[in-house]
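The chain contents come next:
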Amino acid sequence: MSLKAKLMDDLKTAMKEKDTVKKSTVTLVRSAIKQVEVDTREELNDEQVIEIIARQVKQRRDAIEEFKKGDRQDLVEQSEKELAILMEYLPQQLTEDEVQEIVKAVVEETGASSMKEMGKVMPKVIARTKGRADGKLVSQFVKEALS
């Protein structure tokens, strides 16, 4: 079953169970997917859908940080629920140790030794961790490895 079909099935289930948080979250993801499909005039595959969901996850994480700064616990809880729902659609996330191993391997492959060469390392690490690790975490480990 494709990811888009799973999203549709989950939307139907959420509507039947009157789960408003899941319904609104899945609806937002589906509308983001539809918007990209309309803009590019092509149907998205699962990998492209995962990219869109990963962007939604990043937005929720950023929102949670901002809501915590603004002392809005109600919005923090809402965003955390949405984040948990979105994480169900992403592939199994890598642990920090696994990300560090990937970073070390890429640094050795490229022969990078300074921060100036971060541009060589990042694209290769991102390609290997696509959808399975947070970009901020990857960037942090690359900076540590190169400094």
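Further up the page is the structure itself.
Computed from a prediction, not measured in an experiment: that's the story for all the values here. (Residues numbered from 1 in each chain as written. Predicted model: local features only at pLDDT ≥ 70, side-chain atom pairs only at ≥ 80, totals over all residues. Heavy atoms only, no water.)

J.: Give a description of the layout of surface pockets that names residues and reports values.
T.: Estimated volume of the largest pocket: approximately 330 Å³. In this structure, the largest pocket is lined by 18 residues; those nearest its centre are A54, G131, A133, D134 and G135. If you list the elements that add at least two residues to the lining of the largest pocket, you get helix 3 (46–69), helix 6 (118–129) and helix 7 (135–146). Examining the composition of the lining of the largest pocket, we find that six residues originate from one element, helix 3, more than from any other. (1 Å grid on protein atoms, 1.4 Å probe; cavity = no way out; pocket = protein on both sides within 12 Å on 5 of 7 lines; lining within 4 Å. Points joined across faces, edges and corners; volume = space filled by probe spheres on them. Helix = DSSP H or I, 4+ residues; strand = E, 2+ residues; numbered from the N terminus.)

J.: Please set out the packing of helix 3 against helix 4 (residues 73–87) residue by residue, giving values where relevant.
T.: Where helix 3 meets helix 4, the axes come as close as 9 Å, and the angle between the chain directions of the two elements is 160°. The angle between helix 3 and helix 4 falls in the class roughly antiparallel. Crossing of helix 3 against helix 4: the hand is left-handed. Along its contact with helix 3, which presents I53, Q56, V57, R60, R61, A63, I64, F67 and K68, the element helix 4 presents L75, V76, S79, E80, E82, L83, L86 and M87. Residue classes in the contact of helix 3 with helix 4 are distributed as 10 nonpolar, two polar and five charged. (Axes fitted to C-alpha atoms, helices over the stretch in contact; angles between N-to-C directions. Parallel < 35°, antiparallel > 145°, perpendicular 65-115°, else oblique. Left-handed = near helix turned anticlockwise from the far one by under 90°. Contact = heavy atoms within 4.5 Å. Nonpolar A, V, L, I, M, F, W, Y, C, P; charged D, E, K, R; others polar.)

J.: Requested: an account of unusual backbone geometry, with residues and values cited.
T.: Peptide bonds are trans in most cases, and residues, glycine excluded, mostly fall at negative phi. One non-glycine residue with positive phi stands out, namely K18, at about 55°. Take K18: it is sitting in the loop between helix 1 (3–16) and helix 2 (20–40). For K18, a relative accessible area of 69% gives the class exposed. We note that D71 has phi near 55°; this positive angle belongs to a residue other than glycine. Relative to the assigned elements, D71 resides in the loop between helix 3 and helix 4. (Buried < 20%, exposed > 50% of the residue type's maximum accessible area, 1.4 Å probe, protein only.)

J.: Can you lay out the nonpolar core for me, pointing to particular residues and giving the numbers?
T.: L7, I33, V49, I53 and Y89 are the most contacted members of the largest nonpolar core, which has 21 residues in total. Of all the secondary structure elements, the ones that give two or more residues to this core are helix 1, helix 2, helix 3 and helix 4. Among the elements that line this core, the one with the most residues is helix 3, at six residues. Beyond its immediate sequence surroundings of up to four residues, I33 is in contact with K4, L7, L44, V49 and I52. Within the second largest apolar cluster, 17 residues are counted, among which are I102, V103, V107 and L137. (Core = buried A, V, L, I, M, F, W, Y, C linked by side-chain atoms within 4.5 Å.)

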